[in-house]
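Coordinate analysis (summary)
Listed below, chain by chain, are the residues.
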Amino acid sequence: MSVSLPKALLCVLLVVAPGCSWAAAPRPLLSEYTHTAWTAVDGAPTGATKFAQGADGWLWIATPTGLFRFDGVHFVRVSHVHGHALATSNIMALTTAPDGALWVGDRVGAVSVFRQDGAHTYAENGGLQPVGVMHIEVAPDGAVWAAMRDGVAVLAPGAQRFAYLPPDAGLPALGVFQVLFARDGTTWIGTNAGAYFRPRGETRFRPSWPREGRVSLAEAPDGAIWAQDFEHRYYQVRRTAPPGGKAIKPDLDGKSLRYDRQGTQWVLHADALERRIGNAGDGDAGGAGAADQRLSPLNGISGPMLTASFQDREGNLWIGTSQGIDRLRPNRLSTMPGKVRLQFPALLAGPEGDVWVGDYSGDVWRYDADGPRRREVAGQITAAHTAPDGVLWLGGTAGVKRRALDGTVTTFGFPDEVQGLRVHALQLDRDGALWASFSAGKGVYRLEHGRWVKSGGLRGMSELLTTTMALDAAGDLWLGHLRSQISVVRMAEGNVRTLGAAQGLELGTVLALHPDGQRMWVGGENGVALYRDGRPSSRFVPLQGERGERFRGVSGIVRMADGDLWLHGAEGLYRIAAASLEAWLSNPQTQVAFERFDARDGMQGHAPQLRPVPSLLRARDGKLWYATASSVGTIDPANILRNRLPPPVRIVAVVAEGTRHELRETGSPTLALPQGTRTMQIDFTALSLSIPERVRMRYRLVGLDRDWQEPVGRRAAYYTNLAPGKYRFEVIASNEDNLWNTTGAALDIGIAPTFVQTGWFKLLLAGMAALLLYVAYTMRIRSVTRRMHERLHERLAERTRIARALHDTLLQSVQSLLLSFDAHSRLLKEGTQERMRLDQTLNLAELLLVEGRDQIMDLRAAASPEELGLALEQFGKGLTGHRAHQFEMRVRGAPHRLQPGVQDEVYAIAREALFNASRYAEAGKITLALEYAAAGLVLCVEDDGRGLDETVAATGHRPGHWGMVGMRERARNMGGTLDIDSAPGAGTRITLRVPARTAY
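Thresholds applied
Residues numbered from 1 in each chain as written. Predicted model: local features only at pLDDT ≥ 70, side-chain atom pairs only at ≥ 80, totals over all residues. Heavy atoms only, no water. Pairing = 2+ DSSP bridges. Helix = DSSP H or I, 4+ residues; strand = E, 2+ residues; numbered from the N terminus. Axes fitted to C-alpha atoms, helices over the stretch in contact; angles between N-to-C directions. Buried < 20%, exposed > 50% of the residue type's maximum accessible area, 1.4 Å probe, protein only. Arc of directions from axis to C-beta. Contact = heavy atoms within 4.5 Å. Patch = residues over 30% accessible without salt bridge, like charges linked within 9 Å, V, L, I, M, F, W, Y side chains within 5 Å. Areas by Shrake-Rupley, 256 points an atom, 1.4 Å probe, with all protein chains shown as cover. Salt bridge = Lys/Arg side-chain N within 4 Å of Asp/Glu carboxyl O. Lys, Arg positive; Asp, Glu negative; His and termini not counted. Charge placed at Lys NZ, Arg CZ, Asp CG, Glu CD. UniProt positions renumbered as here; feature names shortened; annotations may be inferred. Phe/Tyr/Trp six-rings, centres within 6.5 Å; stacked < 30°, edge-to-face > 60°. Lys NZ or Arg CZ within 6 Å of the ring centre and 35° of its normal. Parallel < 35°, antiparallel > 145°, perpendicular 65-115°, else oblique. Left-handed = near helix turned anticlockwise from the far one by under 90°. Nonpolar A, V, L, I, M, F, W, Y, C, P; charged D, E, K, R; others polar. Domains from an automatic or database assignment.

**What about the sheet that holds strand 48 (residues 495–499)?**
One open sheet accounts for four strands, arranged 45-46-47-48; its pairing is antiparallel. The open sheet is flanked by strand 45 (466–471) and strand 48, the only strands paired with a single partner. Averaged over all adjacent pairs, the angle separating strand axes in this sheet is 20°, with direction ignored. As paired elements, strand 45 and strand 46 (residues 477–481) share five bridges and run antiparallel to each other. Paired with T468 across the strands is G480, a residue of strand 46.

Here is the structure:
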């Protein structure tokens, strides 16, 4: 059933409602600015008297208890500036000069200037009297003017002393509070007797009107000078007297006044900051009486007694109170004002490309850039859809309304089975029929000729709650559901296709569908995915952002004409630039760069996570409108408020082994750390005061870090187990708009080695290690040698025992037999055949005896040089047991290891010589000398026996015996010589010489 209301009746109803239109009012202060308060609990100074900021980016704060500086994160009380000590902590005046100098004035009359290359304090010896310095101002010509309690003192450019303005300058002698250099070249002085001015080119000051005390001055954008009296009232001062002596009335009340760069007037009161929009004296909304234009204890100011104000170079407004510091930062997002707070607002495109807004509790209003302008449709809505022809479909709790282009509203009641439920989503299909989903999971219905048909008469439609709907480029209807499920309705074919986890969709509840050519963007509680085309093999590709961003809870998606993709989600509004998106489309494995706008940019709340959706809409003028649970806001993608200042980067201090080293801000700072430094903390900062939470910093320690490190939530780098050497620490930063200061800051760090870390100590360690290895090797050799000697002695003892046993048994028995046969052979007559045969038998037996003796001697053979001498000594001593002679062994020189063949030959020659001397020489003493000389090996066997027969000496051998011949052959084979020196009755000396090249 439908109900048609004529346009006239609708207008009557709207007139009965509270007004058909709404006059624009200035937006509340805190809808256009984000306020942050710091108190003493946060380390903030209290009772600030002045603020100042130079090109270095530090925010300086003067207080009666000291000088502070602020980097956007930490307040630090300083006792030194650029390494130079402050004269006092009771500071009243403060300013920065164009050359970067910081000027400080204290309450006892001294002015100090601090530069990176030095500092100077001006007191009595600098031309100043010991009275309070109320204000310091740098003139356009570079002169420094100081407002003193006893006059105005000026430090001319290049001068060494301040000079007071003379009495004929036209100023009062006492009570000067402020100096102001106006844009037109006029110099203004605020005193306790009034405001005085001196036009450009003149030398004398003249009084202005009114002529009461003026302690604070400010210049308006139009050049007007505002001055405050002792009663905290502000006047626009005049250079001439008012006509007819008419009294000048104050224009407004306030303790202090300033104009920002946009020309807005800000007034400090005793307990509040007021933004005045329009004429200063107006009392209408936005003037002095507008409560929503004030920052006070009711909405979070840090404390009462506002003492100072300042606008920094990034456009932030700073306020000092008796209990802390406050900052007002202009918002990037603009929240729409309204008479009442919205409840779950729904965005819809108006018939003319504008934006309309309805919600759960109010009516549908037409909005423009200043907020709601006209009530268009009465009644609450929970879902809406704009048809291509401009017809609006509005769903609520009692029915679905169709608003025609002429304003006629037709209402369609709900199907019986969904009475009392809410419309969740609306969408026209390719045939112009309306589809509606209802809460509580009651399915979807298609409106056909004024009648609702469940599931459009199609089979296979999901019974899960349909949260959002959209048409793709082919005219198919997409329905998003819970549990990562999407239904695609193809009316021409009369079927329903289900997409889900099998196609890679893992978003949980689907909250947004946005067609993009042949693609379909899908937003859900767990992220965003893209379905590229309608082929059966197509899959959803999840969108991944840098630093692990998942884009959670996206319920609004818009692709702009320039290719940028905008997402509205649970954690803010995202912008993905076209270039980054195209790179991702080419390679979905990459992570997209993005920027996020959230509460820090003025967003109040987050994107709805169920309905109404979509929560993001593009208006005809290109602006984006977004909805949260209780507000509607806009952002102009073409005119986003940007911070064009890359942040100055500073390395503040180094903490090494628990000792803090403060750093001066010089061009190329260096730091030498103590010997043995192993741990180090480097504190750094980036001086961006607007949104320091979004400042990104990267650092590296050249010589240790291979790549840039990007800390999260800290402004310090930590290093342990450092080796001595030279390092270079570098740090860069970007502001909230990803504008990088790639020059950054650098610090050269040197760590001197301790003695144990020097190369000499390492060489010493290497030498000691080598010595220890040598000692260990020597001990090992000794141990092995000792064990070898022990084993050798054991073997020699065993071989000697065997030889002795053979000698004492077999050889002795054979010898006895030979002697017995020899004795019997002598009984036979020489020359007889029997005698000859017996002698031949005895000779054979003797050869057998010699051969047996040789084998016994072989048992005493050795391999090592020590074994050679030992074996020969034991062999010689063994001979004394069979003959009545003495034996002496002499070894000269260090024993050398002989070549294996040489050693055997030497042993054989020595053994033969010893045996012959023992058996045939009838000597009383046999001496064996073994000399290991550098030229070679010398072996000498000498006896004192009867010597050789002349025939033996002449022939070189005994008939039938070949021992001496064998010795010569052995010597010749070794490349040596064998000398035999003997004479009858004079003993025999046999000398063997083997060259070193052959012996060793």
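From this point on, the discussion continues.
**With respect to helix 3 (residues 578–586)**
Among the residues of helix 3, those classed as buried are A578, S580, L581, W584 and L585. Burial along helix 3 is one-sided: seen end-on, the buried residues are contained in an arc of 160°. The exposed set on the far side of helix 3, more than 90 degrees from its buried face, consists of A579 and S586. Of the surrounding secondary structure, the elements contacted by the buried residues of helix 3 are strand 50 (519–524), strand 51 (527–531), strand 52 (540–542), strand 53 (556–559), strand 54 (565–569) and strand 55 (572–576).

**A word on a positive patch on the surface**
A contiguous patch of positive charge on the surface is contributed by R780, R786, R787 and R791. Note that R786 resides in helix 4 (residues 759–825).

**Points about the UniProt feature "transmembrane region" (unreviewed entry) in the protein**
Using the residue numbers shown here, the UniProt feature "transmembrane region" (unreviewed entry) corresponds to residues 759–777. Segment residues 759–777 splits into 100% helix and 0% strand. End C-alpha atoms: 26 Å apart.

**Some points on the packing of aromatic side chains**
The tally for this structure, following the rule as stated, stands at 29 aromatic pairs. For the ring pair F70 and W318, a centre distance of 5.8 Å and an interplane angle of 80° mean the geometry is edge-to-face. Of this pair, F70 sits in strand 5 (residues 66–70) while W318 is found in strand 30 (residues 317–320), placing the two residues 248 residues apart along the sequence. Pair check on accessibility: F70 and W318 agree, each one buried. Connected via pairs of aromatic rings, a cluster forms that spans W38, F70, F75 and W318. Seen from the ring of W58, R69 lies directly overhead, with NZ or CZ sitting 4.0 Å from the centre.

**Section: the packing of helix 7 (residues 900–920) against helix 9 (residues 963–973)**
At a closest axis distance of 10 Å, the pairing of helix 7 and helix 9 adopts a crossing angle of 155°. Looking at the two axes, helix 7 sits roughly antiparallel to helix 9. By crossing handedness, the relation of helix 7 to helix 9 is classed as left-handed. Taken together, the residues of helix 9 that come into contact with helix 7 (itself represented by E905, A908, I909, E912, A913 and N916) are G963, M964, M967, R970 and A971. Here the contact of helix 7 with helix 9 is composed, by residue class, of six nonpolar, two polar and three charged.

**Some words on the pattern of salt bridges**
By the definition in use, this model includes 54 salt bridges. A salt bridge links D229 to R233; the nearest nitrogen and oxygen atoms lie 3.0 Å apart. On the basis of relative accessible area, D229 is assigned to the buried category, the value being 5%. Measuring nitrogen to oxygen at the nearest pair gives 3.3 Å for the salt bridge that ties D476 to R490. With D476 in the loop between strand 45 and strand 46 and R490 in strand 47 (residues 486–490), this pair connects stretches of sequence that are 14 residues apart. Its relative accessible area of 24% is what places R490 among the partly exposed residues. In the salt-bridge network here, residues are joined through shared partners; they are R332, D564, R575, E595, D598, D601, R642, R694, E736 and D737.

**Quick notes on the pairing of strand 68 (residues 886–892)**
Two faces belong to every sheet, and in a regular strand the side chains alternate between them. Pairing geometry for strand 68 and strand 69 (residues 925–932), over seven bridges, is parallel. Across the sheet, the residue bridging to R890 is A929, located in strand 69.

**Observations concerning the domain arrangement of the protein**
Split by domain assignment, the protein resolves into domain 1 (339–434), domain 2 (466–630), domain 3 (649–747), domain 4 (759–837) and domain 5 (863–998). Computed from C-alpha atoms alone, the centre-to-centre distance between domain 1 and domain 3 is 56 Å.

**A word on the sheet that holds strand 23 (residues 233–236)**
If you walk across this open sheet you meet the four strands as 21-22-23-24, and the pairing is antiparallel. Lying at the two open borders of the sheet, with one neighbouring strand each, are strand 21 (216–219) and strand 24 (252–253). Relative to strand 22 (residues 225–228), strand 21 is paired through four bridges, and the arrangement is antiparallel. Each residue of the ladder has a partner; that of A218, found in strand 22, is W226.

**Focus on the environment of V654**
Along the chain, V654 falls in strand 60 (residues 649–656). A sequence separation of 184 residues divides V654 from L838, and the C-alpha atoms of the two residues are 113 Å apart. Excluding residues within four positions of it along the chain, V654 makes contact with T659, R660, H661, L663, L671, L673, M680, Q681, I682 and L747.

**So, unusual backbone geometry**
Of the consecutive residues W209 and P210, the connecting peptide bond is found in the cis state with omega at -10°. Note on placement: P210 falls in the loop between strand 20 (206–207) and strand 21. Following R611, the chain continues into P612 via a peptide bond in cis, with omega recorded as -5°. Tracing the chain through its elements places P612 in the loop between strand 56 (595–597) and strand 57 (616–618). Phi is positive for M305, close to 55°, though the residue is something other than glycine. With respect to the helices, strands and loops of the structure, M305 is situated in the loop between strand 28 (294–295) and strand 29 (308–311). A positive phi angle, near 55°, is found at R483, a position not held by glycine. Tracing the backbone through its elements, the reader meets R483 in the loop between strand 46 and strand 47. On the accessibility criterion, R483 (66% relative accessible area) is exposed.

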